[in-house]
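Listed below are the residues making up each chain.
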Amino acid sequence: MSWWTPTVEAAFIAMLQALVILLGAVLLGAVMTVVERRLLGLWQDRYGPNRVGPFGTLQLVADMLKIFFKEDWIPPFADRTLFVLAPAIAMASLLLSFIVIPITPGWGVADLHIGLLFFLAMAGINVYAVLFGGWSSGNKYALIGAMRASAQTLSYEVFMGLALMGVVAMAGSFNMREIVNAQEGFWFVIPQFFGFCTFLIAGIAVTHRHPFDQPEAEQELADGYHIEYSSMKFGMFFIGEYVGMVLVSALIVTLFFGGWHGPLLPPIVWFALKTGFFLMLFVLLRASLPRPRYDRVMSFGWKVCLPLTLVNLLVTGAVILLVSPQ
Amino acid sequence: MEVAFYLSGLVAVLATLGVVVSVNPVHALLYLIVSLIGVAMVFFALGAPFAGALEIIVYAGAIMVLFVFVVMMLNLGEAVVDQERAWLKPGIWRGPAVLAALLLVILAVTLWRGDIGMVIAGETLTAKAVGMTLFGPWLLVVELGAMLLLAALVTASHVGRLSTPRQTPGRDASTKEGA
């Protein structure tokens, strides 16, 4: 066992952690599909899926089996390369973002100095999944969905970055671990309340969750950009949406709610509890809000959220300079 | 890290070549995005992760999205692919290829002789020096330029807006201009 040096052991543990986090993110995304349907049922006073297994717990298995055995059909009028590439981008860019999220003091994939920027970069790449998916389908509904999605995502990404800059200014770092450590005393949601609000809105919009699911509006676009997708390619878009939900929840917890910090319970439990809370919030929003009109979504982003984040950033900068002038 | 540097550099060069030779505009844009990501990886390998991240956020994440957006809106079909194919005839390559080869020779010779710092006269200008000059003695000009750009932006938004809708008795006539 001469090759089993401490370096090898550290590398092995790091790889194992990365694998566990990857699988955990995907599994949590998959489980959320069923949890969401049950919760929607609960909040809307109906049952939801409760037939497969005890309390419908095996519904996930049934759904997976069904989606794996569907015919994987590529329309003859589609642009094959981009059609196949789009779901891969959708899934991969979101999963890669989990690299920068520190789960507990000992758990996390990479400790990048540019942590937050890495997430913003991946969110920027994620737009192409929808764009290419919609365009390569060769379908007008899909194209309109992709147009809406890209316009919406671009608009909301602008102030998503700006909303986070207040946190960056307060922590003095892009590094997620340092941001979490800077929240030891009090969570950033208190001084950065408007930053939190705008980031939550932008996060919902960027993952195309209800009420910002214009791109896939069932009633008018018949599912938008993934209308031509079937089987596991559709599955990747579908699970990707839930993985995005998990990602945004984890990011909100990390950036505004102190990450793993909390009394009594171990760090991993605190992180899981907080993330779970925001996942529930996502579902509750879907259960309770109607979908606004598209132009209102756009003007809300540019006319309300963008000025709000700018003012928030200005005030944050001024207060930081007042409290600790250098 | 050297392997990563050379590999991503190679990817960037090949992808850029792909941009030039692809006949489908959307595929060309995809190559351009790959090329930008390759350049960002080069920055990462060189130990400038900040520049790499900004490269992806600004170029791949924002500017290229607008390019793709516009190309999709134009709804280019087979006609454009044929036109591109016609443009890519070997005869048309000749002139630019000779000129580009000349530049390549100059680059190779300069690198070979190892006197990158040598210029005809004066010192090599760094980005810092440019910034100091721009925001020092020339601050007024920079600000005036910024105002000019702002004016252009306002004008573009004025020209490009929808004409005022006729006053219809509909319930939300007042929100039309927000589109």
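This write-up is about the structure you can find in this document. (Residues numbered from 1 in each chain as written. Chains lettered and ligands numbered in written order. Predicted model: local features only at pLDDT ≥ 70, side-chain atom pairs only at ≥ 80, totals over all residues. Heavy atoms only, no water.)

## Description of the overall build of chain A
Working step 1: A tally of helices and strands in chain A yields 11 helices and 0 strands.
Working step 2: Counting from the amino terminus, chain A carries its helices and strands in the arrangement α-α-α-α-α-α-α-α-α-α-α.
Working step 3: For 326 residues, the compact-globule formula gives about 20 Å, and the C-alpha radius of gyration of chain A, at 21 Å, lands near that figure.
Working step 4: For chain A, the spread of C-alpha atoms along the three principal axes comes to 65 × 60 × 45 Å.
Working step 5: Split into buried and exposed, the 326 residues of chain A put 52% on the buried side.
Working step 6: Long-range contacts, defined here as pairs at least 24 residues apart, represent 78% of the contacts in chain A between residues at least 6 apart.
Working step 7: Distance between charge centres in chain A, computed from 18 positive and 19 negative side chains, equals 7 Å. (Helix = DSSP H or I, 4+ residues; strand = E, 2+ residues; numbered from the N terminus. Rg over C-alpha atoms; globule rule 2.2 N^0.38 Å. Buried < 20%, exposed > 50% of the residue type's maximum accessible area, 1.4 Å probe, protein only. Contact = heavy atoms within 4.5 Å. Lys, Arg positive; Asp, Glu negative; His and termini not counted. Charge placed at Lys NZ, Arg CZ, Asp CG, Glu CD.)

## Quick look at the packing of helix 7 (residues 193-206) of chain A against helix 11 (residues 294-323) of chain A
For any two helices packed against each other, one specifies the crossing angle of their axes together with the interaxial distance.
All names here are of chain A.
Working step 1: At a minimum axis separation of 9 Å, helix 7 and helix 11 run at an interaxial angle of 145°. Two packed elements cross with a definite hand, and for helix 7 against helix 11 that hand is left-handed. Each of Phe194, Gly195, Thr198 and Ile201 in helix 7 lies in contact with helix 11, whose residues at this interface are Phe300, Cys305, Leu308, Thr309 and Asn312.
Working step 2: Taken together, the residues of the contact of helix 7 with helix 11 sort by class into 5 nonpolar, 4 polar and no charged. (Axes fitted to C-alpha atoms, helices over the stretch in contact; angles between N-to-C directions. Left-handed = near helix turned anticlockwise from the far one by under 90°. Nonpolar A, V, L, I, M, F, W, Y, C, P; charged D, E, K, R; others polar.)

## Description of helix 3 (residues 49-74) of chain B
Working step 1: Between its first and last C-alpha, helix 3 of chain B extends 36 Å over 26 residues, near the 38 Å set by a 1.5 Å rise per residue.
Working step 2: The axis of helix 3 of chain B is deflected most strongly, by about 35°, at Met64 of chain B.
Working step 3: Among all positions in helix 3 of chain B, only Gly52, Ala53, Glu55, Ile56, Ala60, Gly61, Met64, Val65, Val68, Phe69, Val71 and Met72 of chain B are buried.
Working step 4: Against helix 4 (115-136) and helix 5 (140-171) of chain A together with helix 2 (25-45) of chain B lie the buried residues of helix 3 of chain B. (Expected span 1.5 Å × (residues − 1). Bend = angle between axes of the 7 residues up to and from the residue.)

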